[in-house]
Amino acid sequence: GESVGLHLPTLSVQEGDNSIINCAYSNSASDYFIWYKQESGKGPQFIIDIRSNMDKRQGQRVTVLLNKTVKHLSLQIAATQPGDSAVYFCAENIPGNQFYFGTGTSLTVIP
Amino acid sequence: SAVISQKPSRDICQRGTSLTIQCQVDSQVTMMFWYRQQPGQSLTLIATANQGSEATYESGFVIDKFPISRPNLTFSTLTVSNMSPEDSSIYLCSGITRPSTDTQYFGPGTRLTVL
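Scope of this entry: the structure provided in the associated data block. (Residues numbered from 1 in each chain as written. Chains lettered and ligands numbered in written order. Predicted model: local features only at pLDDT ≥ 70, side-chain atom pairs only at ≥ 80, totals over all residues. Heavy atoms only, no water.)

1. Re the state of the cysteines
Residue and element names in this part refer to chain B.
Consideration 1: Under the defined criterion, the tally for this structure stands at two disulfides over all chains.
Consideration 2: The disulfide partner of Cys23 is Cys93, and the gap between their sulfur atoms is 1.9 Å. Here the S-S torsion is close to -70 degrees, and the disulfide linking Cys23 with Cys93 is therefore left-handed. Of the two residues, Cys23 is situated in strand E3 (residues 19–25) and Cys93 in strand E9 (residues 89–96); the sequence distance between them amounts to 70 residues. There is no split in this pair, since Cys23 and Cys93 are both buried.
Consideration 3: The thiol of Cys13 is unpaired, and the distance to the nearest cysteine sulfur, on Cys23, comes to 18 Å.
Consideration 4: Relative accessible area serves as the criterion here: at 8%, Cys13 is assigned to the buried category. (Disulfide = S-S within 2.5 Å. Helix = DSSP H or I, 4+ residues; strand = E, 2+ residues; numbered from the N terminus. Buried < 20%, exposed > 50% of the residue type's maximum accessible area, 1.4 Å probe, protein only.)

Shown next as structure tokens:
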């Protein structure tokens, strides 16, 4: 199977600081990536996506960076808030194939 | 974005029984999937639900244990058969709305506990 892994299983940040969650993927043919947020007791929620023809994409308080050379993906959350506390998953997709999910990083925001 | 609902949201079942989980999407999706997520773990794909034909199962999952139906584009069911405590997990339905987007959206999940 594919290997999509996260560098850190847990991350704690102070409220107001920026958070960076990292993800490594193994298949260079992957051309589409999604970050999901999963709060306790809920299904994964789409946050932001990026295609392989881009190296950066910004949303509201979130930025995804893609480094295809080293097969690395990161999610940056600006001014982290208590509501950002959740597990974050990255997922990669090869055209016509299933999505492969990383192991998840648990983000805890300290008030 | 597609809105996906599932029911039941949770259930507690006895060993040896079966549970059918329903998934409804509010817009036409081209692909629907069923995932399992064990506590503290990532998502594992069970199968792709194919409209009007047998689902496509991933390695380690079989139709006899996890029969899946998809009678139309917006509805699918997953049955967990002859349950054991090892089947305790969250079961998630998802959909992709190609060709407009490849984005995969998830339902809220069904939390299953088998005693």
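After that view, the rundown keeps rolling.
2. Notes on the interface of chain B and chain A
Many descriptions give the size of an interface as the accessible area lost when the pieces come together.
Consideration 1: Taken together, the contact between chain B and chain A spans 19 residues of the former and 20 residues of the latter.
Consideration 2: Counting the surface lost from both chain B and chain A, the interface buries some 1,400 Å², and carbon and sulfur atoms represent 51% of this.
Consideration 3: Taken together, the links from chain B to chain A amount to zero salt bridges.
Consideration 4: One can count six residue pairs in polar contact (both at pLDDT 80 or more) joining chain B with chain A.
Consideration 5: Taken together, the elements giving at least two residues each to the side of chain B that touches chain A come down to strand E4 (31–37), E9 and strand E10 (104–106) of chain B.
Consideration 6: Broken down by element, the residue count for the side of chain B that touches chain A peaks at three residues, all from E10 of chain B. (Contact = heavy atoms within 4.5 Å. Buried area = accessible area lost by both parts, 1.4 Å probe. Salt bridge = Lys/Arg side-chain N within 4 Å of Asp/Glu carboxyl O. Polar contact = N/O pair within 3.5 Å; in protein donor to acceptor, adjacent residues only side chain to side chain.)

Worth remembering: the numbers are spatial, not functional.
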